[in-house]
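Descriptive structure summary
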Amino acid sequence: MKVRVDQDKCVSSGQCVLNASDVFDQRDEDGVVVLLNENPPPDQSDNVRKAVAACPALAIEIEE
Amino acid sequence: MTERMSDTLTSEETTDAAVPFYPMDRDAKCPFAPPPQMLKMNEAKPLSRVRIWDGSTPWLVTGYDVARELFADSRVSVDDRREGFPHWNEHMLATVHKRPRSVFTSDAEEHTRFRRMLSKPFTFKRVEGLRSAIQQVTDECIDDILASEKPADIVSKLALPVPTRVISEMLGVPYEDHEFFQHHANIGLARYATAEDGQKGAMGLAKYLTDLVKAKMENPSEDAVSDLAERVNAGEISVKEAAQLGTGLLIAGHETTANMIGIGVLALLENPDQAAALRDADDPKDIANAVEELMRYLSIIQNGQRRVAIEDIEIAGETIRAGEGIILDLAPANWDARMYPEPDKLDLSRDNAGQHLGFGYGRHQCVGQQLARAELQIVFHTLFRRIPTLQLAVPFEEVPFKHDRLAYGVYELPVTW
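Remember, it's a predicted structure, so these values are computed and weren't measured experimentally.

Turning next to the overall build of chain B. Scanning chain B for helices and strands turns up 16 helices and ten strands. By the compact-globule yardstick of 22 Å for 417 residues, chain B fits well, its C-alpha radius of gyration being 21 Å. Principal axes of the C-alpha set define a box for chain B whose edges measure 65 × 55 × 35 Å. Taking all 417 residues of chain B together, the buried fraction comes to 57%. Expressed as a percentage of contacts within chain B between residues at least 6 apart in sequence, the contacts between residues at least 24 apart total 72%. For chain B, the exposed area adds up to about 17,700 Å²; of that, 51% sits on carbon and sulfur atoms.

What follows covers the side chain of Glu292(B). Residue and element names in this part refer to chain B. Mapped onto the elements of the fold, Glu292 is located in helix H14 (residues 284-298). A relative accessible area of 7% places Glu292 in the buried class. Of note is the side chain of Glu292, whose polar atom sits 2.8 Å from the side chain of His356. A distance of 2.7 Å separates polar atoms of two side chains, one belonging to Glu292 and the other to Arg373. When neighbours within four sequence positions are excluded, Glu292 is seen to be in contact with Ala353, Gly354, His356 and Arg373.

All names here are of chain B. Scanning the entire structure with this criterion turns up eight aromatic pairs over all chains. Residues Phe401 and Tyr408 carry aromatic rings whose centres are separated by 5.9 Å and whose planes lie at 20° to one another, so their mutual orientation is stacked. By relative accessible area, which is 11% here, Phe401 ends up buried. Residue Tyr408 is classed as buried on the basis of its relative accessible area, which comes to 1%. Every member of this aromatic cluster is reached through a ring pair, and the members are Phe32, Tyr297, Trp335, Phe396, Phe401 and Tyr408. It is Arg68 that lies over the ring of Tyr361; its NZ or CZ is 4.2 Å from the centre.

Glancing now at the packing of helix H8 (residues 161-171) of chain B against helix H16 (residues 369-386) of chain B. Residue and element names in this part refer to chain B. For the pair H8 and H16, the least separation of the axes is 11 Å and the interaxial angle reads 140°. The hand of the H8/H16 crossing is right-handed. Contact with H8, carried on its side by Val162, Pro163, Val166, Ile167 and Met170, involves Leu371, Glu375 and Val379 of H16 and no other residues of that element. Classifying every residue of the contact of H8 with H16 by side-chain character gives seven nonpolar, no polar and one charged.

Here we come to the interface of chain A and chain B. Facing 23 residues of chain A, the contacting portion of chain B comprises 19 residues. Buried surface at the junction of chain A and chain B, summed over both partners, amounts to about 1,700 Å²; 46% is from carbon and sulfur atoms. The tally of links from chain A across to chain B stands at two salt bridges. Remark: the boundary between chain A and chain B carries 14 residue pairs in polar contact (both at pLDDT 80 or more). Mapped onto the side of chain A that touches chain B, the elements with two or more residues apiece are helix H1 (15-19), strand E2 (24-26) and helix H2 (45-54) of chain A. With three residues, the single largest contributor to the side of chain A that touches chain B is H1(A). In terms of residue class, the side of chain A that touches chain B is built from ten nonpolar, seven polar and six charged.

Residues and elements named next belong to chain B. Inspection of the entire model under this criterion finds 33 salt bridges over all chains. Among the salt bridges present, the one from Asp144 reaches Lys157, with a minimum N-O distance of 3.7 Å. Placement of the pair is Asp144 in helix H6 (residues 124-147) and Lys157 in helix H7 (residues 154-159), with a sequence separation of 13 residues. Asp144 gets classed as partly exposed once you look at its relative accessible area, which sits at 39%. The residue Arg338 makes a salt bridge to Asp336 at a minimum N-O spacing of 2.9 Å. A relative accessible area of 54% means that Arg338 is categorised as exposed.

On to the environment of Leu47(B). All names here are of chain B. Topologically, Leu47 is positioned in strand E1 (residues 47-49). Residue Leu47 is classed as buried on the basis of its relative accessible area of 0%. Each C-alpha atom of the pair Leu47 and Asn334 lies 14 Å from the other, and the pair is 287 residues apart in sequence. Among all residues touching Leu47, those that are not within four sequence positions of it are Trp59, Leu60, Val61, Thr62, Ile315, Ala316, Glu318 and Ile320.

Quick notes on the rules
Residues numbered from 1 in each chain as written. Chains lettered and ligands numbered in written order. Predicted model: local features only at pLDDT ≥ 70, side-chain atom pairs only at ≥ 80, totals over all residues. Heavy atoms only, no water. Helix = DSSP H or I, 4+ residues; strand = E, 2+ residues; numbered from the N terminus. Rg over C-alpha atoms; globule rule 2.2 N^0.38 Å. Buried < 20%, exposed > 50% of the residue type's maximum accessible area, 1.4 Å probe, protein only. Contact = heavy atoms within 4.5 Å. Areas by Shrake-Rupley, 256 points an atom, 1.4 Å probe, with all protein chains shown as cover. Polar contact = N/O pair within 3.5 Å; in protein donor to acceptor, adjacent residues only side chain to side chain. Phe/Tyr/Trp six-rings, centres within 6.5 Å; stacked < 30°, edge-to-face > 60°. Lys NZ or Arg CZ within 6 Å of the ring centre and 35° of its normal. Axes fitted to C-alpha atoms, helices over the stretch in contact; angles between N-to-C directions. Left-handed = near helix turned anticlockwise from the far one by under 90°. Nonpolar A, V, L, I, M, F, W, Y, C, P; charged D, E, K, R; others polar. Buried area = accessible area lost by both parts, 1.4 Å probe. Salt bridge = Lys/Arg side-chain N within 4 Å of Asp/Glu carboxyl O.

See the structure below:
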């Protein structure tokens with residue numbers, strides 16, 4: 001799985017970290033998404049899919 | 001209001017007379033359920049026309065899928081200065097050009113700029129770091145309940161003080177002032193506010209926050225209002241804008257969570273098997289899911305999220321024209337049987353509960369949602385752990401519900417144990 005994030009779209013909801021904290025983090029100053037791992041291991045795939053579905057700004061894209 | 005409504009109705013074409021009035025009443029016998037008329041409308045179509053207080057006929061979205069899609073659609077605006085915007089009430093219309101733009105009323109880049117100024121204290125990790133403080137405040141409130149005479153009121157002794165103390169601390173608002181800001185927030189949240197009443201509430205709080213921002217510009221400390229004051233000093237925003245953003249955080253930060261705690265405790269008392277499951281849960285994931293389901297089941301934000309279309313939008317077989325108002329009501333969407341089978345059942349282990357729209361969706365989704373989650377998880381679980389014999393001290397029919405507020409809940413909740 002390959003993950004991409006769009007920091008311009010991000011609204012700092014924290015939904016990605018809530019669902020997949022091994023793959024996503026937030027910038028301390030404004031909560032904008034930080035991608036920790038653009039090729040997460042298979043055991044993280046479900047969490048990443050949940051993060052994609054939960055992101056209110058549609059700022060995460062994945063290629064399976 | 002009723003008179004004006006019937007005048008409008010008789011002067012319109014007969015086909016328009018069938019357009020139902022919004023907002024709709026809940027059934028007093030099923031106070032947890034969304035208004036039955038809305039559920040019925042949603043069985044037929046996920047969006048339909050309603051008539052609101054000023055006689056206009058915006059779209060009411062009741063379906064889960066359509067709500068989620070429109071929340072995330074950039075052709076849908078929150079700018080309440082636009083022609084066709086379906087205002088909540090007379091007060092909001094009367095003040096539309098007086099209120100500074102804020103995170104609630106701006107779109108696109110302007111919105112992103114405001115939102116990022118507010119997000120720092122509410123990131124997932126910052127909120128995780130607050131859990132022990134929230135736990136401590138919660139335990140103190142429950143100590144106080146256990147030491148007091150029966151019956152005790154859950155609203156004034158737990159539901160209000162926990163989120164109010166937490167948000168006061170985060171914002172740097174002195175907790176001693178809580179009676180003042182709770183009172184003014186209350187006036188401001190009246191569902192059918194006249195221009196005059198709304199103005200009183202809004203002015204009192206705006207003045208309070210303006211003074212606070214000015215004080216923090218001189219003497220900043222480690223809190224969210226100081227962060228805003230710093231931006232004023234840096235010339236990024238005006239004092240008025242900072243005060244408007246601070247007011248939003250203060251009201252949204254205590255009033256919504258407080259209502260969710262009060263009515264959530266009542267829903268759990270009415271579903272003792274679910275309360276027992278939550279009490280006995282040890283896995284934080286189960287406790288978290290329970291809170292998501294309570295959010296889905298109760299959707300306390302009533303009166304609908306207001307929007308206006310800025311281009312024609314084709315959706316679910318209908319065309320929303322540019323300039324037409326859109327009202328997204330969270331409660332019927334969260335009770336949409338196409339998404340949630342047996343929606344009237346409170347099932348704390350429901351596997352898709354986390355996809356509820358209780359915090360809204362799209363770029364305006366609740367800024368403080370991670371804080372609200374942490375507070376609700378801690379409060380519900382701790383309360384039923386520490387007082388397992390908790391029960392209602394009055395007949396259910398006598399519990400006073402907030403039918404007349406923008407945020408639904410209960411005015412008081414007398415309990416015994």
